[in-house]
Number of protein chains: 2
Amino acid sequence: MKARVFVTLKNGVLDPQGRAIGQALAGLGFDGVEDVRVGRMFELTLADGTEVSTIEEMARKLLANMVIENFRVELA
Amino acid sequence: MKARVFVTLKNGVLDPQGRAIGQALAGLGFDGVEDVRVGRMFELTLADGTEVSTIEEMARKLLANMVIENFRVELA
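Residues numbered from 1 in each chain as written. Chains lettered and ligands numbered in written order. Predicted model: local features only at pLDDT ≥ 70, side-chain atom pairs only at ≥ 80, totals over all residues. Heavy atoms only, no water.

**A closer look at the environment of A:Arg37**
What counts is decided by this rule: A run of H or I in DSSP becomes a helix once it reaches four residues, and a run of E becomes a strand once it reaches two; helices and strands are each numbered from the N terminus. Contacts: residue pairs with any heavy atoms within 4.5 Å of one another. For this analysis, a polar contact is any N or O atom pair within 3.5 Å, provided that within protein one partner can donate a hydrogen and the other can accept it, and provided that sequence-adjacent residues contribute only side-chain to side-chain pairs.
Its place among the elements puts A:Arg37 in strand S2 (residues 33–46). A sequence separation of 21 residues divides A:Arg37 from A:Pro16, and the C-alpha atoms of the two residues are 8.9 Å apart. Residues within four places of A:Arg37 in sequence aside, it is in contact with A:Leu9, A:Lys10, A:Asn11, A:Gly12, A:Val13, A:Leu14, A:Asp15, B:Met41, B:Phe42 and B:Glu43. Within polar-contact distance, the side chain of A:Arg37 engages the backbone oxygen of A:Lys10 at 3.0 Å.

Laid out in structure tokens, this is it:
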């Protein structure tokens, strides 16, 4: 089975990478870029029947830094 | 307006980061992790009326490395 885990910075956490990308886009001539937030996406191929709770535990233990990040699990 | 750009490695491109994460998950006791692929997600806040074609151009020019990556645009 396939699952996706999306990891994003919590609101209020500064995203210097996103800010740099926003400035680079403006430098390339793209107007109207108000904000850029960068996140990670994990595409997991798992044994059939893996519970969502197990995937959430993978995210809490390894994939996401729970101090500054949120995660969302999506079954593909 | 909000848009998301998902950048993933093309099929066949080796993902050492994903492999390392897969091994780490196994080491944490998670069985049944067959494969892990890591991608990036960009959450863009753009001026209203920004065309999808413009967002695709941002991806081609900056957000994705078109030699080894694919991208997908999603309007939020």
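Moving on, there is more to tell.
**Details of the packing of helix H2 (residues 52–63) of chain A against helix H1 (residues 16–27) of chain B**
Each pair of packed helices gets described by two things: the angle between the helix axes and the distance between those axes. Formally: In this analysis an axis means a line fitted to C-alpha atoms, helices contributing only their contacting stretch, and an angle means the value between N-to-C directions, from 0 to 180 degrees. The labels follow the angle: roughly parallel below 35 degrees, roughly antiparallel above 145, roughly perpendicular from 65 to 115, and oblique for the rest. Ten residues, namely Ala, Val, Leu, Ile, Met, Phe, Trp, Tyr, Cys and Pro, are considered nonpolar, four, namely Asp, Glu, Lys and Arg, are considered charged, and the remaining ones, Gly among them, are considered polar.
Two elements in contact, H2(A) and H1(B), have axes separated by 11 Å at closest approach and are oriented at 110°. Regarding the angle of H2(A) to H1(B), the classification is roughly perpendicular. Contact residues: A:Met58, A:Leu62 and A:Leu63 in H2(A); B:Ile21, B:Ala24 and B:Leu25 in H1(B). In the contact of H2(A) with H1(B), the residues fall into six nonpolar, no polar and no charged.

**Focus: the interface of chain A and chain B**
Let me state the cut-off plainly: Defined here as a combined quantity, buried area equals the accessible surface (1.4 Å probe) lost by two parts on assembly, summed across both. The term salt bridge refers to a pairing of a side-chain nitrogen on Lys or Arg with a carboxyl oxygen on Asp or Glu at a separation within 4 Å. DSSP calls a pair of strands paired once it identifies at least 2 bridges connecting them.
The partner chain B presents 30 residues to the 30 residues of chain A that form the contact. Summing the contributions of chain A and of chain B, the shared interface buries around 2,700 Å²; its carbon and sulfur component is 69%. Joining chain A to chain B, the criterion identifies zero salt bridges. Our count for the chain A to chain B interface comes out at 10 residue pairs in polar contact (both at pLDDT 80 or more). Here the side of chain A that touches chain B takes 14 residues from S2(A), the largest share from any one element. Tallied by class, residues from the side of chain A that touches chain B come to 18 nonpolar, five polar and seven charged. Looking at chain direction, S2(A) and strand S2 (residues 33–46) of chain B are connected through 13 bridges and run antiparallel. In the strand pairing of S2(B), A:Asp35 is matched with B:Thr45.

**Re the relation of the copies chain A and chain B**
Our working rule: Fitting of the copies onto one another was done by least squares over C-alpha atoms, counting residues only where both copies have pLDDT of at least 70.
Mapping chain A onto chain B calls for a screw motion: a turn of 180° about the axis and a shift of 0.0 Å along it, with 0.0 Å RMSD after fitting. Viewed as a symmetry operation, the transformation between the two copies matches a two-fold axis. No C-alpha of chain A approaches the rotation axis more nearly than that of A:Arg40, which lies at 2.3 Å. Both copies present the same face, since 100% of the interface residues in chain A are matched by interface residues at the equivalent positions in chain B.

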